[in-house]
Amino acid sequence: MPSVLDSVDLSRLDAHAQDCIQVNLSALADAHFGAGTHLRLGSRLDFAPSAGPAGLPTVEPTVPQRIEEAGPLLGLAMTGPLTDLAGAAVVGRLTADPVYVVADAFDLPWVPYHRQQHLEHSFLVAAGPRPGEALVLDAYHNETRWGPARPARWSVPLAELTSTIGRLPVRAVGLRPVAAPEPLPVPEVLRANAARLHEAAESGAFERYALAYRDHPDQLAATGGLTLETWLLSRSRRLHACWLASCGPDLAGPFADQGRAWAALAEHVYIALRRVQRGRPAPPGLTDRLQELLRADVDLARTLVQEHTWTPAPSSRS
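What you see is a predicted model, and the numbers here were worked out from it, not measured in a lab.

## Some thoughts on helix H5 (residues 186–202)
Argument step 1. Between the first and last C-alpha of H5 there are 24 Å, a value that for 17 residues agrees with the 24 Å anticipated at 1.5 Å per step.
Argument step 2. Listed as buried for H5 are Val-186, Val-189, Leu-190, Asn-193, Ala-194, Leu-197 and Ala-200. Across the axial projection of H5, the buried residues extend over an arc of 130°, all falling on one side. Among the exposed residues of H5, those pointing more than 90 degrees away from its buried face are Glu-199 and Glu-202.
Argument step 3. The positive-phi residue at the C-terminal boundary of H5 is Gly-204, with phi of around 85°.

## Looking at the pattern of salt bridges
Argument step 1. By the definition in use, this model includes 13 salt bridges.
Argument step 2. Put simply, Asp-19 and Arg-66 hold a salt bridge, and the shortest N to O gap is 2.6 Å. Linking Asp-19 in the segment before helix H1 (23–33) with Arg-66 in helix H2 (residues 63–74), this pair joins segments that are 47 residues apart in sequence.
Argument step 3. On the basis of relative accessibility, which here comes to 12%, the residue Arg-66 falls in the buried class.
Argument step 4. When the shortest N-O distance is used, the salt bridge between Glu-188 and Arg-191 registers 3.9 Å. Taken as a pair, Glu-188 and Arg-191 lie in helix H5 at a separation of 3 residues, close to a single helical turn.
Argument step 5. Residue classification places Glu-188 among the partly exposed residues on the basis of a relative accessible area of 42%.
Argument step 6. Salt bridges sharing common partners tie together Asp-19, Arg-66 and Glu-69.

## Quick word on the nonpolar core
Argument step 1. Counting 97 residues, the largest nonpolar core has Phe-47, Val-90, Tyr-100, Val-125, Leu-161, Trp-243 and Leu-290 as its most contacted members.
Argument step 2. Ranked by residue count, the leading element in this core is helix H7 (residues 219–247), at 10 residues.

## Structural notes on the layout of surface pockets
To find leftover empty space, one rolls a probe the size of a water molecule over the atoms.
Argument step 1. Of the pockets and cavities examined, the second largest pocket occupies roughly 340 Å³.
Argument step 2. Put simply, the parts of the chain that give the lining of the second largest pocket at least two residues each are strand S4 (83–86), helix H3 (87–92) and strand S11 (169–177).
Argument step 3. Here the lining of the second largest pocket takes 6 residues from S11, the largest share from any one element.
Argument step 4. Split into classes, the residues belonging to the lining of the second largest pocket amount to 11 nonpolar, 6 polar and 3 charged.

Scoring rules and cut-offs
- Residues numbered from 1 in each chain as written.
- Predicted model: local features only at pLDDT ≥ 70, side-chain atom pairs only at ≥ 80, totals over all residues.
- Heavy atoms only, no water.
- Helix = DSSP H or I, 4+ residues; strand = E, 2+ residues; numbered from the N terminus.
- Expected span 1.5 Å × (residues − 1).
- Buried < 20%, exposed > 50% of the residue type's maximum accessible area, 1.4 Å probe, protein only.
- Arc of directions from axis to C-beta.
- Salt bridge = Lys/Arg side-chain N within 4 Å of Asp/Glu carboxyl O.
- Core = buried A, V, L, I, M, F, W, Y, C linked by side-chain atoms within 4.5 Å.
- 1 Å grid on protein atoms, 1.4 Å probe; cavity = no way out; pocket = protein on both sides within 12 Å on 5 of 7 lines; lining within 4 Å.
- Points joined across faces, edges and corners; volume = space filled by probe spheres on them.
- Nonpolar A, V, L, I, M, F, W, Y, C, P; charged D, E, K, R; others polar.

The following block contains the structure:
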């Protein structure tokens, strides 16, 4: 039986603007409801750090949070809890309905992190087109120090998949389509975004966040953490620009530029990390630039509310 994963257009997922947990939820939503459904994940813009590793704040959502937002935004509902399983149990239960799996990228041979770095990584898997095969889809797109990751879909013998993830502890959940998402009320969404960012700015959250990294006693840990943080912020702002572009031709320009500015900061922080790893100090000014970009987010969000009118996009999935 054909899998819904066969219908995913990997070239239209804006994978360059999503993280490795989010992007395969996007792939599943597009498979069920059509190309562009995933853009709804870019509608929310905020800044809400929580406690993270090494006593540092983080904007990284948890896996359950990512799955939870897939409900109202993408029209997907869990068929059960996000369950810890042996990989062999996942492989042994495959049907044409895809399973969303989160594993350690260190153990996955198709990503550059294999045997290089431990981090959570998602993929989709379903029964393959022929008996004894599985269909695997991983839409992640990134450049890493060990090589590029690119969206791909492939068939693999069940025995090979079992040998790859068979003994691994993984988390897995079925996600079913419940209803095609209703069009988002764009003006209300943008007003809510501006209000959240304004509140974060007024509360001093930007300064506390930046100073936590600047003044941390372990600058190797701090610079490593800031590398991930700026990468996540960059991707979220780029996805927001993609969503804005789908809503109206005049909305996306400033945030597209802002996404590029965030990407430039993320690159500079990564270079700083390589310096710190070699025992040299990080260049000054990184956290100052971080605060500047966060404040620019607020200004742009306000501008969208104050200066633009909205005409619904042609697609029903705005």
